[in-house]
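Structural description and commentary
Here is how the chains run, residue by residue.
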Amino acid sequence: MAIDLPLSEAFKEFAASGKAGGAVLIFCTLASLVLANSPLGHAYLHVWHLPLAGLSIENWINDALMAVFFLLIGLELKRELRNGELSDLKNATLPIVAAAGGIAVPACIHFSLNHGTPAQAGLGIPMATDIAFALGVLALLGNRVPASLKIFLTALAVMDDLGAIVVIALFYTAQLSIGYLAAALVVFLLLIGLSRLGRVRSLPLYLLGGALMWFFMLQSGVHATIAGVLLAFALPDAVTDDGHSLSDRLEHVLHKPVAFAILPIFALANTGVVIGPGWAQALASSNSLGIVLGLAVGKPIGIVAATAAAVATGLCRLPSDLAWRHVLGAGLLGGIGFTMSIFITNLAFDSQAGVVTASKMAILLASLASGLAGFAWLKWHGAPLAADADRDARA
């Protein structure tokens, strides 16, 4: 019998923005691909490299705007840890284990194909799941899938992104400046002090501190977007008179700008892939194969295998309205890499335009295949167990 799970308003808003935001992302990606391969292609791609206040427009997008995206990811993770699916260890174990499998297997597949080569740096590319696209596909299925599948996939994707953030911080750091990194950490600790000890509730003050932390992080060599995650965890969680914390209010404010402005702009700036004469050879490279196989094959294998192992050993159990076919559907949708995968591509192969282009083509191909496969599988095999019981009764 299916469980009627209560979905929080924050989760409903997040899922709704994911559905519409996914559609906008698809449109912007297609527009970018068309423009890049049109007679306007050279001018279109050149625009993103124009200088602006010391950085290129592309750098401002990838380093600054995406820090806001990481801030939202951090706020969502904190909410899940505080009062969501990850707040109870028993409930959190399943998506955490599933996410670990979905990170490890794709990375191993890429590593096995590229060990000892310059392309080895791309092993982080197939690790991540795009929350907006994955939830967008689930939203298209509506009530034809269990409510707990949406919660499971969301928690899995959030933990997946946390894993990607850790990978970025540890393995995609340029020349490290200890002084600037220490300054960023001092600002972070000051913000923590204002929040926990001073009980300061001034959002502009925290945003100013976050901007300063972002600057120090940018100069340190650690990717500046990590400042967004740190700021999320520095914000106060105490509920005010209106029944919401400062973190909750900021998360509410950021949902639509991130879904309908920041991520679409990121897609426009980063998916302008020129499909030249050698595109087939580029997709046949070991790096591209590692990305495609990692996302489209490694993700579902890793998620299902890790979940099965956790259930078999008694570490956790499936929600009563989920069957293994639902877990496989989640695994297939986990292969939609897109935003975070493209982001890591830019870090892994900085200044290697050809490899970046081939990697993005592989990401787009694998994400498309995973999205279609996940949608088709869940459309035909994703009915909630209650529907199965009704069907059996009629038979």
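Here, every reference points to the structure presented above.
Residues numbered from 1 in each chain as written. Predicted model: local features only at pLDDT ≥ 70, side-chain atom pairs only at ≥ 80, totals over all residues. Heavy atoms only, no water.

**Observations concerning the overall build of the protein chain**
Per the secondary structure count, the protein chain includes 16 helices and two strands. At 21 Å, the protein chain has a C-alpha radius of gyration in line with the 21 Å of a compact globule built from 395 residues. Each principal axis of the C-alpha distribution contributes one length, and for the protein chain these read about 70 × 60 × 40 Å. When the 395 residues of the protein chain are sorted by exposure, 50% land in the buried category. In the form shown here, the protein chain has an accessible surface area of approximately 17,100 Å², with 71% of it arising from carbon and sulfur atoms. Once the 20 positive and 22 negative side-chain charges of the protein chain are each reduced to a mean point, those two points are 3 Å apart. (Helix = DSSP H or I, 4+ residues; strand = E, 2+ residues; numbered from the N terminus. Rg over C-alpha atoms; globule rule 2.2 N^0.38 Å. Buried < 20%, exposed > 50% of the residue type's maximum accessible area, 1.4 Å probe, protein only. Areas by Shrake-Rupley, 256 points an atom, 1.4 Å probe, with all protein chains shown as cover. Lys, Arg positive; Asp, Glu negative; His and termini not counted. Charge placed at Lys NZ, Arg CZ, Asp CG, Glu CD.)

**Some thoughts on the pattern of salt bridges**
Applying the stated criterion across every chain, the model contains five salt bridges. Between Arg79 and Glu251 there is a salt bridge, with its nearest N and O atoms 2.7 Å apart. Of this pair, Arg79 sits in helix H3 (residues 57-83) while Glu251 is found in helix H10 (residues 246-270), placing the two residues 172 residues apart along the sequence. A salt bridge links Asp248 to Arg82; the nearest nitrogen and oxygen atoms lie 2.7 Å apart. One end of the pair, Asp248, is in helix H10; the other, Arg82, is in helix H3, and 166 residues separate them in sequence. Within the structure, one salt-bridge network assembled from shared partners comprises Lys78, Arg82, Asp237 and Asp248. (Salt bridge = Lys/Arg side-chain N within 4 Å of Asp/Glu carboxyl O.)

**Some points on unusual backbone geometry**
Even without being glycine, Ala53 reaches a positive phi, approximately 55°. We note that Ser351 has phi near 70°; this positive angle belongs to a residue other than glycine. Tracing the sequence through the fold places Ser351 in the loop between helix H14 (339-348) and helix H15 (353-381).

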